[in-house]
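Remarks on the overall topology
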Amino acid sequence: MNTTEILNGLRAENKRDFPVEIFEQDRVEYPAHMRKLMDDKGVSIADLVKSMGYERSYVYHMLDGSRTPSRYFLLRFAIVCGLDFEETQRILFITGNGLLYAKVEYDAAIIYSLERHYDFSQVNDLLESVGMKHLFSDPS
């Protein structure tokens, strides 16, 4: 559902209650969605652990839903899985994390990297070249 359709639903005069049905189709269980992305991209849990630099148990907690992944975990996940911009935005959205915003320089560098299917080394080289912290460091 696009923004205009959502706004029209919110503005509908015949609605007395909050129109929760507008958002039902966007509700996805993120662990299942992350696993599907991994399957689609041919990425194993071992690949994630090795490439992302996290402890195995931490990655499992993210994938089983016992912990909610941070935005930076998901950006790393996106790079390892070779997600594109739209796939990355979707996983950020369904986990309640902030979407990438092209007017934010750090986010713009990540978008640029996603669109070019950069690996971790290339992403970190780009970030370093513009004076930003590596993807392995929280930029906050």
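For the structure, see preceding data.
Residues numbered from 1 in each chain as written. Predicted model: local features only at pLDDT ≥ 70, side-chain atom pairs only at ≥ 80, totals over all residues. Heavy atoms only, no water.

1. Digging into the overall build of the protein chain
Test applied: The way it works is that DSSP assigns letters per residue, a run of H or I at least four long becomes a helix, a run of E at least two long becomes a strand, and they are numbered from the N terminus. Relative accessibility thresholds used throughout: buried, under 20% of the residue-type maximum; exposed, over 50%; partly exposed, between the two (1.4 Å probe, protein chains only). Contacts are assigned to residue pairs that have any heavy atoms within 4.5 Å of one another. Accessible surface area values rest on a Shrake-Rupley calculation with a 1.4 Å probe, where residue burial reflects the displayed protein chains alone.
A tally of helices and strands in the protein chain yields nine helices and zero strands. A buried classification covers 39% of the 140 residues belonging to the protein chain. When contacts within the protein chain are restricted to residue pairs at least 6 apart in sequence, those whose partners lie at least 24 apart make up 54%. Here the protein chain has roughly 8,400 Å² of accessible surface; of this, 49% comes from carbon and sulfur atoms.

2. A look at helix α7 (residues 85–94)
Quick reminder of the rule: For this analysis, a polar contact is any N or O atom pair within 3.5 Å, provided that within protein one partner can donate a hydrogen and the other can accept it, and provided that sequence-adjacent residues contribute only side-chain to side-chain pairs.
Within the sequence span of α7, burial applies to Thr88, Gln89, Ile91, Leu92 and Ile94. Buried positions along α7 lie against α3 (30–41), α6 (71–81) and α8 (105–115). Of the residues flanking the start of α7, the one acting as N-cap is Asp84, its side-chain oxygen 3.2 Å from the backbone nitrogen of Glu86. Looking one or two places after α7, you find Gly96, whose phi comes out positive at around 75°.

3. Let's talk about the packing of aromatic side chains
Rules: A pair of aromatic rings is counted whenever rings of Phe, Tyr or Trp (Trp by its six-membered ring) have centres within 6.5 Å, and the orientation is called stacked for planes under 30 degrees apart, edge-to-face for over 60 and tilted otherwise.
This structure, assessed with the given rule, holds five aromatic pairs. Geometrically, the ring pair formed by Tyr54 and Phe73 is tilted, given 5.1 Å between the ring centres and 35° between the ring planes. One end of the pair, Tyr54, is in the loop between α4 (45–52) and α5 (56–64); the other, Phe73, is in helix α6, and 19 residues separate them in sequence. Here the two residues Tyr54 and Phe73 agree in accessibility, since each one is buried. Aromatic pair Tyr58 and Phe73: ring centres 5.9 Å apart, planes at 70°, arrangement edge-to-face. One end of the pair, Tyr58, is in helix α5; the other, Phe73, is in helix α6, with 15 residues separating them in the sequence. Relative accessible area serves as the criterion here: at 0%, Phe73 is assigned to the buried category.

4. A few points about the pattern of salt bridges
Here is the rule: A carboxyl oxygen of Asp or Glu within 4 Å of a side-chain nitrogen of Lys or Arg is what we treat as a salt bridge.
Under the defined criterion, the tally for this structure stands at three salt bridges. We note a salt bridge from Lys41 to Glu87, for which the minimum N-O separation is 3.4 Å. Within this pair, whereas Lys41 is found in helix α3, its partner Glu87 is found in helix α7, the two being separated by 46 residues in sequence. Measuring nitrogen to oxygen at the nearest pair gives 2.8 Å for the salt bridge that ties Asp107 to Arg71. Residue Asp107 is located in helix α8, and its partner Arg71 is located in helix α6; the two are separated by 36 residues in the primary sequence. Neither residue differs from the other here; Asp107 and Arg71 are each classed as buried.

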